[in-house]
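What follows is the residue order along each chain.
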Amino acid sequence: MEFIGGGGEGGDHQDGADSRRKKKRYHRHTPEQIQRLERMFRDCPHPDEKTRNLLSRELNLHPRQIKFWFQNRRTQMKAQHERADNCALRVENDKIRCENIAIREALKNIICPTCGGPPVNEDPFFNEQKLRIENSQLKQELDRVSSIAAKYMGRPLAQLPPMQPMNASSLDLSMSNFGSHVIPGPSVDLDLLPRTSSSVITDIPFAPMSFSDMDKSIMADCAADALNELIRLLQGNDSLWMKPSSEGSEILNLDAYDSMFRRPKNPNARIEASRNASVVIMNSIALVDMFMDAKKWIELFPTIVSKARTVEVISSGQNGTLLLMYEELQVLSSLVPTRQLYFLRFCQQFEPGSWAVVDVSYDITHQEGPFSSPCKALRLPSGCLIQDMPDGYSKVTWVEHWEVEDKAPIHQLYRDLICSGFAFGAERWLSSLQRICERIACSSMVSANSTQDLGGVIPSPEGKRSMMKLSQRMVNYFCSSINPSNGEQWNTFSATHDFEVRTTVHRSSDPGQPNGLVISASATIWLPISPLNVFNFLRDERCRPQWDVLNQNPVEEIAHISNGSHPGNCISLLRAYNTSQSNMLILQESCIDASGSLVVYCPVDLPAINIAMSGEDPSYIPLLPYGFTISSDGRPGSEGSPAGSLISILFQILVSNLSSARMNQESIATVNSLISSTVNQIKTSLNINSS
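All values reported here derive from a predicted model rather than from experimental measurement.

## Digging into the overall build of the chain
Turning to step 1, where the next piece is worked out: Along the backbone of the chain there are 15 helices and 19 strands.
Turning to step 2, where the next piece is worked out: Contacts in the chain between residues far apart in sequence, at least 24 positions, make up 67% of those at least 6 positions apart.
Turning to step 3, where the next piece is worked out: Counting every atom, the chain has about 36,300 Å² of accessible surface; 53% of that belongs to carbon and sulfur.

What follows is the structure in structure tokens.
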């Protein structure tokens, strides 16, 4: 009995010891460690990896302990702030409720001072005054619209005849406004596309999103890790980056990267990674402001960013700003699909005049549906370091890092350019940034002394700024139209051994575009000559009759505005000779940088041009641009196989204001004739054999 009892006692003691050993061991920090961590938290709630390592050595703690302590402290601080806010709101709510009760009781006992009876529910005098104010506002709006209409149409709105129903049976594509030359061929019927087609542009319906504090904390940690990686890539030495030639970007050494960053690999994906640095004429504050605004971001990179939207501001404060964004990136050709992605953008200032901006893809599973691109692109930590320099300049060091999985084969014309990494690489971003910054600087430095190159046509600096604004909007419309976005699809209606014509239809509702149904037709060709020679040929007004199928009359330049250091970056106002329509001019802008070049033009009537040249707002002048994009083919040139050029052509035609429209074979032949004639005339003028 004693033995059994003693054995039982010993067994209980042994079981208790085992259970204590199985319990999780907790580590309590010393007061000195807590004080040091609290001081650091007050200065920097989101320390980077380098700071955490320094703290771990100083406090004799593991770096993971430091990381978890800061995560817990941030969560605790958020909870404290929320409790304090809730208490303050509860007190304020009780106060307002008491005041509401008191006012209701007072209203029950109120009497009219005139008749001694109860008051009426509404004040007739107040309602009458409100109606008078609204009536005055409507009259002012009517006067403003009438004034705008009178400027465009040459007579007051009241004198305009009633609008007649539009004959929707045909469309004259002869462009007689440019001259008497008429292109033979069938007319365009309004049977544009099958009625069941969804080719009309519709914006992607972004479902409203809500993020918990846990989601935002995860996003903050993801952005902080991405920033740490970006800084290491920006500061990497020759072992991490390789320079394939004396010019161009540095290429990432993938073996060195894999040894430095342990990241899971996708065996079906390819890596695009490059680094480049340049100096731009804009200070760091202005650059950061444009980077963190989605609308300004598109205006800064119209040739690369076709669509951008800020989904949510995750955090903003002294320790940086974190945004969740959506964007679509493009190559200016209908043959290359856009890259669509959600990503985090984190901006942080390291020291006065020095900023880092990092982008990293962020997976939002319930938003996979709208993605229509056959290219799955994951943006690994990418971005730039912006450092102030004297005289308003900034040095920008840029890193682009992509993991791309092509679900469909890349078109053979663009295979070399895209697989080389140049199409979405650091050099293209920086060269575009340099050119746009020069353009902005030219616009801001306009003065009375800077219009000597205009021949007196544009009389004032305000007129020059207005013309530059109008031309910039034309280029932006062109860039957003040449590559489909929002899930719309190009339809291939004609294909030859040289090129294929792709067509799409969308409804234009922007105040700065003609209101109605627009056909966009595009084709891309390869020419065995350098991009610079093609650019100089297309932008030269003396060569224009050789390729312009809509106007083969000679033209003269009546106004010229330089908007960059390169002579090819300019805006021209052209007038055709020997034309019966003397009230129509051609607005043209040409721009060139290391990534490629553009020649964009648009017919604009004389009253609208006069509005812009007088310095008034040109936002409501309708534009429907045409043009060309020119880029390298991405192949290394040699004597046996010289480097060539890729030229994309875009025509846009206003068809009708009817929403129900389809395309028939007759309209297909007409659009195909325009593109084919332009291509053949360019090849003939440049002595290129079509075979």
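Moving on from the model shown.
## Section: helix H2 (residues 31-43)
Turning to step 1, where the next piece is worked out: Between the first and last C-alpha of H2 there are 19 Å, a value that for 13 residues agrees with the 18 Å anticipated at 1.5 Å per step.
Turning to step 2, where the next piece is worked out: Three or more residues of H2 are buried, namely Gln33, Arg36, Leu37, Glu38, Met40 and Phe41.

## Some remarks on helix H13 (residues 531-539)
Turning to step 1, where the next piece is worked out: Listed as buried for H13 are Val534, Phe535, Phe537 and Leu538. Seen from one end, H13 has its buried residues packed into an arc of 165 degrees, which puts them on one side.

## Considering the pattern of salt bridges
Turning to step 1, where the next piece is worked out: Going through the model one piece at a time under the given rule, you end up with 25 salt bridges.
Turning to step 2, where the next piece is worked out: In this structure, aspartate 221 and arginine 74 form a salt bridge, with 3.1 Å as the shortest nitrogen-oxygen distance. Of this pair, aspartate 221 sits in helix H6 (residues 213-234) while arginine 74 sits in helix H4 (residues 63-108), and the two are 147 residues apart along the sequence.
Turning to step 3, where the next piece is worked out: For aspartate 221, a relative accessible area of 18% corresponds to the buried category.
Turning to step 4, where the next piece is worked out: Salt bridges sharing partners connect three or more residues here, namely Glu327, Arg345, Asp359, Arg379 and Glu400.

## Re the side chain of arginine 270
Turning to step 1, where the next piece is worked out: Within the element layout of this structure, arginine 270 appears in strand E3 (residues 270-280).
Turning to step 2, where the next piece is worked out: The class for arginine 270 is buried, based on a relative accessible area of 19%.
Turning to step 3, where the next piece is worked out: Of note is the side chain of arginine 270, whose polar atom sits 2.3 Å from the side chain of glutamate 272.
Turning to step 4, where the next piece is worked out: Filtering out sequence-adjacent residues up to four positions away, arginine 270 remains in contact with Arg339, Trp402, Glu403, Val404, Asp406, Ile410, Ile418 and Cys419.

## Looking at the confidence of the model for the chain
Turning to step 1, where the next piece is worked out: On average, residues of the chain score 79 in pLDDT, and 75% of them reach the 70 mark or higher.
Turning to step 2, where the next piece is worked out: Overall, residues 1-11 carries pLDDT values under 50, and its contacts beyond four positions in sequence, including any with other chains, amount to 0 contacts.
Turning to step 3, where the next piece is worked out: Note that pLDDT drops below 50 for residues 448-454; the model gives that stretch 11 contacts with residues more than four away or on any other chain.

## A word on a nonpolar patch on the surface
Turning to step 1, where the next piece is worked out: On the surface, Val279, Met389 and Tyr393 cluster together into a nonpolar patch covering about 240 Å² of accessible area.
Turning to step 2, where the next piece is worked out: Position of valine 279 relative to the elements: it lies in strand E3.

## Here we look at the packing of aromatic side chains
Turning to step 1, where the next piece is worked out: Counting across every chain of the model gives 18 aromatic pairs.
Turning to step 2, where the next piece is worked out: Measuring from ring centre to ring centre gives 4.9 Å for tyrosine 257 and phenylalanine 261, while their planes differ by 40 degrees; the resulting arrangement is tilted. Each member of the pair, tyrosine 257 together with phenylalanine 261, is buried.
Turning to step 3, where the next piece is worked out: Both rings, one in phenylalanine 291 and one in tryptophan 398, keep their centres 6.0 Å apart while their planes meet at 65 degrees; by these two values the pair is edge-to-face. Of this pair, phenylalanine 291 sits in helix H8 (residues 284-291) while tryptophan 398 sits in strand E10 (residues 394-406); the two residues are 107 residues apart in sequence, bridging distant segments of the chain.
Turning to step 4, where the next piece is worked out: Joined through ring pairs, the aromatic side chains of Phe291, Trp297, Phe301, Trp398 and Trp429 make up one cluster.
Turning to step 5, where the next piece is worked out: Sitting over the ring of phenylalanine 41, arginine 73 keeps its end group 5.1 Å from the ring centre.
Turning to step 6, where the next piece is worked out: The aromatic ring of tryptophan 297 is capped on one face by arginine 345, whose charged end is 3.9 Å from the ring centroid.

## A word on unusual backbone geometry
Turning to step 1, where the next piece is worked out: Even without being a glycine, asparagine 60 presents a positive backbone phi close to 60 degrees.
Turning to step 2, where the next piece is worked out: Topologically, asparagine 60 is positioned in the loop between helix H3 (49-59) and H4.

## As for the packing of helix H11 (residues 426-444) against helix H12 (residues 461-481)
Angle between the axes and distance between the axes are the two parameters that describe a pair of packed helices.
Turning to step 1, where the next piece is worked out: Between H11 and H12, the shortest axis-to-axis distance is 10 Å and the interhelical angle comes to 155 degrees. Judged by the inter-axis angle, H11 sits roughly antiparallel to H12. For the pair H11 and H12, the crossing hand works out as left-handed. Contacts between H11 and H12 involve Arg439, Cys442 and Ser443 on the former and, on the latter, Arg465, Met468, Ser471 and Gln472.
Turning to step 2, where the next piece is worked out: A breakdown of the residues in the contact of H11 with H12 according to their chemical character gives 2 nonpolar, 3 polar and 2 charged.

## Observations regarding the pairing of E3
Turning to step 1, where the next piece is worked out: The buried fraction of E3 amounts to 8 of the 11 residues, a majority that puts the element mostly inside the structure.
Turning to step 2, where the next piece is worked out: Where strand E2 (residues 250-252) meets E3, 2 bridges bridge the pair, whose relative direction is antiparallel. Bridged to isoleucine 251 within E3 is serine 274.
Turning to step 3, where the next piece is worked out: Here E3 runs beside E10; their pairing, made up of 11 bridges, is antiparallel. Bridge pairing in E10 places serine 274 opposite glutamate 400.

## Thoughts on the side chain of serine 354
Turning to step 1, where the next piece is worked out: Mapped onto the secondary structure, serine 354 falls in strand E7 (residues 354-361).
Turning to step 2, where the next piece is worked out: Here serine 354 falls in the buried class, since its relative accessible area comes to 6%.

## Considering the nonpolar core
Turning to step 1, where the next piece is worked out: With 47 residues, the main nonpolar core has Leu287, Phe291, Phe301, Val396, Trp398, Tyr414 and Leu433 as its most contacted residues.
Turning to step 2, where the next piece is worked out: Top element by residues in this core is H11. It accounts for 6 residues.
Turning to step 3, where the next piece is worked out: The residues contacting phenylalanine 301, other than those within four sequence positions of it, are Phe291, Trp398, Trp429, Ser432 and Leu433.
Turning to step 4, where the next piece is worked out: By size, the runner-up hydrophobic cluster in this structure holds 36 residues, among which are Val534, Tyr626, Phe628 and Ile649.

## Quick look at the packing of H12 against helix H14 (residues 606-613)
Turning to step 1, where the next piece is worked out: Where H12 contacts H14, the axes come no closer than 7 Å and their chain directions differ by 125 degrees. Overall, the two elements H12 and H14 adopt an arrangement that is oblique. Residues Gly463, Ser466, Met467 and Leu470 of H12 lie in contact with H14, whose contacting residues are Ile609, Ala612 and Met613.

## Notes on the environment of phenylalanine 291
Turning to step 1, where the next piece is worked out: On the basis of relative accessibility, which here comes to 1%, the residue phenylalanine 291 falls in the buried class.
Turning to step 2, where the next piece is worked out: Contacts of phenylalanine 291, omitting those with residues within four sequence positions, involve Trp297, Leu300, Phe301, Arg345, Val357, Cys384, Ile386 and Trp398.

## Digging into the pairing of strand E18 (residues 626-632)
Turning to step 1, where the next piece is worked out: Summarising burial for E18: 6 of the 7 residues are buried, a large majority.
Turning to step 2, where the next piece is worked out: Here 5 bridges tie strand E17 (residues 596-605) to E18, and the two strands are oriented antiparallel to one another. The residue of E18 that forms the bridge with valine 599 is phenylalanine 628.

Quick notes on the rules
- Residues numbered from 1 in each chain as written.
- Predicted model: local features only at pLDDT ≥ 70, side-chain atom pairs only at ≥ 80, totals over all residues.
- Heavy atoms only, no water.
- Helix = DSSP H or I, 4+ residues; strand = E, 2+ residues; numbered from the N terminus.
- Contact = heavy atoms within 4.5 Å.
- Areas by Shrake-Rupley, 256 points an atom, 1.4 Å probe, with all protein chains shown as cover.
- Expected span 1.5 Å × (residues − 1).
- Buried < 20%, exposed > 50% of the residue type's maximum accessible area, 1.4 Å probe, protein only.
- Arc of directions from axis to C-beta.
- Salt bridge = Lys/Arg side-chain N within 4 Å of Asp/Glu carboxyl O.
- Polar contact = N/O pair within 3.5 Å; in protein donor to acceptor, adjacent residues only side chain to side chain.
- pLDDT = per-residue confidence, 0-100.
- Patch = residues over 30% accessible without salt bridge, like charges linked within 9 Å, V, L, I, M, F, W, Y side chains within 5 Å.
- Phe/Tyr/Trp six-rings, centres within 6.5 Å; stacked < 30°, edge-to-face > 60°.
- Lys NZ or Arg CZ within 6 Å of the ring centre and 35° of its normal.
- Axes fitted to C-alpha atoms, helices over the stretch in contact; angles between N-to-C directions.
- Parallel < 35°, antiparallel > 145°, perpendicular 65-115°, else oblique.
- Left-handed = near helix turned anticlockwise from the far one by under 90°.
- Nonpolar A, V, L, I, M, F, W, Y, C, P; charged D, E, K, R; others polar.
- Pairing = 2+ DSSP bridges.
- Core = buried A, V, L, I, M, F, W, Y, C linked by side-chain atoms within 4.5 Å.

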